[in-house]
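Next come the chains, spelled out residue by residue.
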Amino acid sequence: MSGLDRIREAAQKDKGLRFTSLMHHITVDLLRESYKDLKRDAAPGLDDVTWRQYGEQLEERLPGLHARVQSGRYRAMPSKRVWLTKSDGRQRPVGIAVLEDKIVQQAAVMVLSQIYEETFIGFSYGFRPNRSPHHALDAVWVGITQRKVNWVLDADIRGFFDAIDHEWLMKFLEHRIADPGLLLLIRKWLKAGVSEAGQWSMTKVGTPQGAVISPVLSNLFLHYVFDKWMERKYPRNPWARYADDGVTHCRTRTEAEGLLEQLHVRFRECGLELHPDKTRIVYCKDDDRRGDYPEIKFDFLGYTFRPRRSKNRYGKFFINFTPGTSNKAAKAMRYKIRNWRIHLKPDKSIEDLARMFNPVIRGWINYYGRFYKSALYPVLRHMNSALIHWVRRKYKKLSCHRRRAEHWLGRIARREPQLFAHWQMGILPSVG
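Residues numbered from 1 in each chain as written. Predicted model: local features only at pLDDT ≥ 70, side-chain atom pairs only at ≥ 80, totals over all residues. Heavy atoms only, no water.

S.K.: Teacher, can you tell me more about the confidence of the model for the protein here?
M.R.: Parts of the model with low pLDDT should not have their predicted coordinates read in detail. Within the protein, residue pLDDT values average 92, and 98% of them lie at 70 or more. Within the protein, helix α13 (residues 350-368) carries the highest mean pLDDT (97), whereas strand β2 (residues 91-96) carries the lowest (81). (pLDDT = per-residue confidence, 0-100. Helix = DSSP H or I, 4+ residues; strand = E, 2+ residues; numbered from the N terminus.)

Encoded structure:
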């Protein structure tokens, strides 16, 4: 049995055990494994060292890194702050750590996960092994359809990753971690700060989005702020949480309003704030719940839960409160298709285009096709429109005839439906 397995076994046997000796599990072998687990094409941090460059002298570098970690001479470097544009046009800050910080953080994550996977509650789904957004969506959908709850509290925390209080986080860590070396290591990462345009700034709150250690620390924080609190205060209200997005089922509107009021208080105590515009109480309207209320839909993990026309196994239509691809997600996918600028690739064959874009299309189908698949069809038809535009640019005889170009592409689609992932679903261009 490996050292990590022994940690997990001890955590499983005693849910209240505080671990006093964990740093010795961060060995050269674990650092090597951590390096191999990192994303190979990730952007470099302030050191400008890529995964491949570091790997060229991996065996020479790891013993020195291990010695610095174990002796306390290891120093965390600031994260490089970059800004990513979100689908709604807003920008989100991301912190990129230097490669050695990523390696040591990944090793710490592997140690901490052995403890907290035995600690975290089952309704928590984000950033955990063998759990996906689909599991969280399943839990919400089952709660609405089978438990027949009438109301949902859709809670969104404002700027969660940037608002995590360091002192509260360290107190929560100390519930299970009593190894001063590991606690000091985590505090170094929290206090390392960020660098933007050559200017360093201290971070008094928050964990950098994009840091390897952030997911487990954010889950740990909400485990004590929300999960355990719900288990203690509202044991009869099922809920599901993925990272900082949470949905709680309530039987009555009064119950939902009372829970929301108490959540405001709880989060303020721990330095967090519910987003006033994105947090809402929603009525789950369908054929069995026919009340008239203003809020009858909510978004969760790229899906919109709302009343939709469905068909039962007997072929009868009815109104069901069910998830389907959200407008925001569909808009982001269409934006990505436009950015591919397929019509400017007339030098490519249609087989080339299929090889280039099928992995992304297949990923969309696998994720957004899980529930109410027809909500994804407009996006896939938009992909067909982009291909028709490409046909018109590639073949001069079709340049002024959109319908003829569509029929030309439709004949290929019927002859080779396996060529594009969405054609395999039957989303084909017309042949007239």
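S.K.: I tried to follow helix α8 (residues 166-173) on my own but got confused; where do I start?
M.R.: Buried within α8 we find H166, L169, M170, F172 and L173. All buried residues of α8 lie within an arc of 160° about the axis, which places them on one face of the element. Here the buried face of α8 lies against α5 (99-116), α9 (180-191) and α10 (214-233). With a side-chain oxygen positioned 3.0 Å from the backbone nitrogen of E167, the residue opening α8 is D165. (Buried < 20%, exposed > 50% of the residue type's maximum accessible area, 1.4 Å probe, protein only. Arc of directions from axis to C-beta. Contact = heavy atoms within 4.5 Å. Polar contact = N/O pair within 3.5 Å; in protein donor to acceptor, adjacent residues only side chain to side chain.)

S.K.: Got a minute to help me understand the packing of helix α14 (residues 377-394) against helix α15 (residues 402-415) in this structure?
M.R.: A pair of packed helices is characterised by two quantities: the angle between their axes and the separation of those axes. Two numbers describe how α14 lies on α15: the axes approach to 9 Å, and their chain directions differ by 110°. Judged by the inter-axis angle, α14 sits roughly perpendicular to α15. Between α14 and α15, the residues in contact are N384, S385, L387, I388, W390, V391 and R392 and R402, A405, E406, W408 and L409, respectively. A per-class count over the contact of α14 with α15 returns seven nonpolar, two polar and three charged. (Axes fitted to C-alpha atoms, helices over the stretch in contact; angles between N-to-C directions. Parallel < 35°, antiparallel > 145°, perpendicular 65-115°, else oblique. Nonpolar A, V, L, I, M, F, W, Y, C, P; charged D, E, K, R; others polar.)

S.K.: Explain the sheet that holds strand β11 (residues 317-325) here, please?
M.R.: Pairing between sheet strands relies on hydrogen bonds along the backbone, with the strands arranged either parallel or antiparallel. Strand order in the open sheet formed by three strands is β9-β10-β11, and the pairing between neighbours is antiparallel. At either end of the open sheet lies a strand with only one pairing partner, and these are β9 (298-300) and β11. Within this sheet the neighbouring strands show an average axis-to-axis angle of 50°, counted without direction. Summarising the sheet, β9 and strand β10 (residues 303-311) pair through three bridges and their orientation is antiparallel. For F300, the partnering residue across the bridge sits in β10 and is Y303. (Pairing = 2+ DSSP bridges.)

S.K.: How do you make sense of the packing of α5 against α9 when you look at a structure like this?
M.R.: Following both chains from N to C, one finds α5 and α9 inclined at 135°, their axes separated by 12 Å at the closest point. By the angle class used here, α5 and α9 are oblique. The chirality of how α5 crosses α9 is left-handed. Here α5 contributes D101, V104, Q105, A108 and L112 to the contact with α9, which in turn contributes L182, L185, I186 and W189. Its residues assigned to classes, the contact of α5 with α9 comprises seven nonpolar, one polar and one charged. (Left-handed = near helix turned anticlockwise from the far one by under 90°.)

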